[in-house]
Protein chains: 2
Amino acid sequence: MKLDLKVMECVPNVSEGRDLGKVGELADLLRASPGISLLHVTSDADHNRSVFTCLGEPRALLSAATAFCARAFELIDMRQHTGCHPRMGAVDVVPFVPLGGTTMVEAVAVAHELGEAVGAMGVPVYFYEEAALQEERRNLADVRRGEYECLPERANGCGPVPDAGPHDFNPRSGACLIGARRPLIAFNVNLGTADVTVAQTIARTIRESSGGMPAVKALGVELKELGIVQVSMNLVDYRRTGMHQVLEAIRREAARFGVPVLESELIGLLPLEAVEDSLRHCLQMREFDSSRIIEAHLLRSSSSPESSR
Amino acid sequence: MKLDLKVMECVPNVSEGRDLGKVGELADLLRASPGISLLHVTSDADHNRSVFTCLGEPRALLSAATAFCARAFELIDMRQHTGCHPRMGAVDVVPFVPLGGTTMVEAVAVAHELGEAVGAMGVPVYFYEEAALQEERRNLADVRRGEYECLPERANGCGPVPDAGPHDFNPRSGACLIGARRPLIAFNVNLGTADVTVAQTIARTIRESSGGMPAVKALGVELKELGIVQVSMNLVDYRRTGMHQVLEAIRREAARFGVPVLESELIGLLPLEAVEDSLRHCLQMREFDSSRIIEAHLLRSSSSPESSR
């Protein structure tokens, strides 16, 4: 199922997850953008954040993302923003992910072009991961340290200077972090307790930065509206640590606190390979891959009749 | 992912799983058949059986299956056949499964046409499941009761008369069971013991016919070459009982004997919906479906560019 299409994924995250009118307007803008598909939108009131997953040809994605940022800066005011997810701006992060026949070099180029456009809108821009211009800005968590609240200090010369756009503090829009990266899985696990220290302790146990599982980033956060807590994760290399592996680790750790795992949640999309890995693991089925799924062949025979023998 | 294609699955099972030269020749015949795809072949030496999974337009499948049966009757001699899987003939079963835009009525019609062709080759034919002409022949296990060894008796007027073909015993080819059915999942679980009574006891516990899980058919068999045993199953309605559910039940029962589950195995293909169900269950992820898989959208945008916005 390797395809030679010239497509990328673009996954803007905005700091609004409560006013669904605003989120809907931004989604409509993406749906109306020529040459791209809006595949998924997730909004969370506790995170006060929404994630838009788009797919399309690189130039079409760049146009759509530029228009999206312009409108989001009009709709979202960071001076009123509270939420449990770390964030630095109204359009907090915009990663580009090369898929099919596109390369990371192309994704970095698109990220840098978007950065110039956003900078011209008066919003300070930092480039992260593969788009980083400085090695110490590769890790998103490092770039975002101090969050929105540290931006006035940065404007006063304390801390990193933006990679594009003005160096002044923009109180309404904050800063925008634009990157290029490999596909990751945004995976959350909800726990049946109101005690956020349980989620925080488990996050510390499993995340790579404190000696846990490789390629796992994890935070413990409180979902006040639901009265529960969550281990919120990015699995940045699902071949090294997959969903099934972190879920098992979290179940084991949560059991030590007498806390049940309520459910897991996927934000956005995931690669087919991750589905195959998890199924092989969960069903102890060494030989499974997607060629064993009937529909994979139906799609193939519908798209290329000459391959139907 | 519902498609309106006029396709069916056809899954002939032959009583040869040791002589891979013969199996390979039958596979090549299917690969060379116009208008169909051979998607998967499984051969097992202990079962002494091979399963061929084909997909194609109904008329093309009928031609391919007819040629396949003719060649299999030449290659396979039931007088020498031993194996742990129940069987009645050289081409033991040939089920047709309607997919996409085809109906069960069409699958039954193709099954009946193949039955006439196989009967004309001098092999007694029984129709089963949706293709059954008599209610008591719907269940494959009932039709196959007594196996190959009871066929001389049947020819002498004891037991059911064939639905097509000669009523005489055909010692070389046995009988052929031709059916039409919904998709099923052929799912086996291997256990780390040489004691076949463990697999037989577990099979009895989980199968519907002895009061176990709905829509589960199960047999305990010995895999002599591997020195282990297997619970060999058909999940005939995976929406009622899925792979994850039988696997959990088998793990629990096997633990009572102190026997480990070594691995599970899929024979042939399965529907995407079954993958989604198992993943939702294993990852406790209520919201998962295949629209969350990146490749599902890549395929779609490659096959119909107009839908890429």
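Residues numbered from 1 in each chain as written. Chains lettered and ligands numbered in written order. Predicted model: local features only at pLDDT ≥ 70, side-chain atom pairs only at ≥ 80, totals over all residues.

Caption draft 1: Spatial organisation of the overall build of chain A. When helices and strands are tallied, chain A shows nine helices and 11 strands. Taken over C-alpha atoms, the radius of gyration comes to 20 Å for chain A, in line with the 19 Å a tight globule of 309 residues would show. With the C-alpha coordinates of chain A rotated into their principal frame, the extents come out at 60 × 55 × 40 Å. For chain A, the residues scored as buried account for 51% of the 309 residues in total. The long-range share in chain A, meaning contacts at least 24 apart out of those at least 6 apart in sequence, stands at 70%. (Helix = DSSP H or I, 4+ residues; strand = E, 2+ residues; numbered from the N terminus. Rg over C-alpha atoms; globule rule 2.2 N^0.38 Å. Buried ≥ 20, exposed ≤ 12 C-beta atoms within 10 Å, placed from the backbone. Contact = placed C-beta atoms within 7 Å.)

Caption draft 2: View of the confidence of the model for chain A. Residues and elements named next belong to chain A. For chain A, the mean per-residue pLDDT works out to 93, and 95% of the residues sit at or above 70. Contacts of residues 302-309 to residues separated by more than four positions or lying in other chains number 16 contacts, the stretch itself having pLDDT below 50. The complex model carries a pTM of 0.84, and its ipTM stands at 0.85. (pLDDT = per-residue confidence, 0-100.)

Caption draft 3: The arrangement of the relation of the copies chain A and chain B in detail. When chain A is fitted to chain B, the best match, at an RMSD of 0.0 Å, comes from turning it 180° and sliding it 0.0 Å along the axis. In short, the pair behaves as if placed about a two-fold rotation axis. Here 100% of the contact residues of chain A are again contact residues in chain B; the copies associate through an equivalent surface. (Least-squares fit on C-alpha atoms with pLDDT ≥ 70 in both.)

Caption draft 4: Fine view of the sheet that holds strand β10 (residues 228-235) of chain A. Residue and element names in this part refer to chain A. If you walk across this open sheet you meet the four strands as β9-β10-β8-β11, and the pairing is antiparallel. Each edge of the open sheet is held by one strand with a lone partner, namely β9 (216-223) and β11 (261-267). In this sheet, adjacent strand axes meet at a mean angle of 20° when their direction is disregarded. With six bridges connecting them, strand β8 (residues 185-191) and β11 associate as antiparallel partners. In the strand pairing of β11, Asn190 is matched with Glu263. This element, helix α6 (residues 196-206), spans β8, β9 and β10 of the sheet and lies at about 180° to β9. Contacting β8, β9, β10 and β11, helix α7 (residues 243-256) crosses the sheet at an angle of about 20° to β8. (Pairing = 2+ DSSP bridges. Axes fitted to C-alpha atoms, helices over the stretch in contact; angles between N-to-C directions.)

Caption draft 5: Representation of unusual backbone geometry. The phi dihedral of A:Gln284 is positive, around 50°, even though this residue is not glycine. Turning to its location among the elements, A:Gln284 is positioned in the loop between α8 (272-282) and α9 (294-303). A tally of 16 C-beta atoms within 10 Å means that A:Gln284 is categorised as partly exposed. Backbone geometry places B:Glu147, a non-glycine residue, at a positive phi of 55°.

Caption draft 6: A look at the sheet that holds strand β9 (residues 216-223) of chain B. Residue and element names in this part refer to chain B. Taken in spatial order, the four strands of this open sheet run β9-β10-β8-β11, and their pairing is antiparallel. Each edge of the open sheet is held by one strand with a lone partner, namely β9 and β11 (261-267). Between one strand axis and the next, the sheet turns by 20° as a mean value, whatever way the strands run. With eight bridges joining them, β9 and strand β10 (residues 228-235) adopt antiparallel strand pairing. The partner of Glu222 across the bridge, within β10, is Val229.

Caption draft 7: Region of the structure containing the domain arrangement of chain A. Residue and element names in this part refer to chain A. Looking at chain A, the domain boundaries give domain 1 (6-180), domain 2 (185-269) and domain 3 (271-309). A separation of 24 Å is found between the C-alpha centroids of domain 1 and domain 2. With 11 residues of domain 1 at the interface, the matching set in domain 2 holds nine residues. Contributions of two or more residues to the side of domain 1 that touches domain 2 are made by β3 (36-44) and β4 (49-56). Per-element accounting of the side of domain 1 that touches domain 2 gives the leading share, three residues, to β3. Within the side of domain 1 that touches domain 2, the residues separate by chemical class into six nonpolar, four polar and one charged. (Domains from an automatic or database assignment. Nonpolar A, V, L, I, M, F, W, Y, C, P; charged D, E, K, R; others polar.)

Caption draft 8: Quick peek at the packing of helix α6 (residues 196-206) of chain B against helix α7 (residues 243-256) of chain B. Residue and element names in this part refer to chain B. As a packed pair, α6 and α7 sit with axes 10 Å apart at the nearest point and diverge in direction by 130°. In terms of orientation, α6 lies oblique with respect to α7. In this structure, the crossing between α6 and α7 has a hand that is right-handed. Residues Ile202, Thr205 and Ile206 of α6 lie in contact with α7, whose contacting residues are Val246, Ala249, Ile250, Glu253 and Ala254. (Parallel < 35°, antiparallel > 145°, perpendicular 65-115°, else oblique. Left-handed = near helix turned anticlockwise from the far one by under 90°.)

Caption draft 9: Up close: the interface of chain A and chain B. Opposite the 50 residues of chain A that make contact, chain B presents 50 residues. Elements that contribute at least two residues to the side of chain A that touches chain B include exactly β1 (6-10), β3, β4, β5 (91-100), α7, β11, α8 and α9 of chain A. Here the element with the most residues in the side of chain A that touches chain B is α9(A); it accounts for eight residues. Along the lines of polarity and charge, the residues of the side of chain A that touches chain B split into 28 nonpolar, 14 polar and eight charged.

Caption draft 10: Inspection of the packing of helix α2 (residues 58-75) of chain A against helix α3 (residues 104-120) of chain A at higher detail. Residue and element names in this part refer to chain A. In the contact formed by α2 and α3, the axes pass within 10 Å of each other and the chain directions differ by 30°. Put simply, α2 runs roughly parallel to α3. By crossing handedness, the relation of α2 to α3 is classed as right-handed. Every residue of α3 that contacts α2 at Pro58, Leu61, Leu62, Ala65, Thr66 and Cys69 is listed here: Glu106, Val110, Glu113, Leu114, Ala117 and Val118. Counted by class, the contact of α2 with α3 contains nine nonpolar, one polar and two charged residues.

Caption draft 11: The arrangement of helix α3 (residues 104-120) of chain B in detail. Residue and element names in this part refer to chain B. Relative to the 24 Å expected for 17 residues at 1.5 Å per residue, α3 spans 24 Å between its end C-alpha atoms, a close match to the ideal helical length. Restricting attention to buried positions, one finds in α3 the residues Ala107, Val108, Val110, Ala111, Leu114, Gly115, Ala117 and Val118. For α3, the elements touching its buried residues are β1 (6-10), α2 (58-75), β5 (91-100), β6 (125-129) and β7 (176-180). Gly122 occupies a position one or two residues after α3 and carries a positive phi of about 90°. (Expected span 1.5 Å × (residues − 1).)

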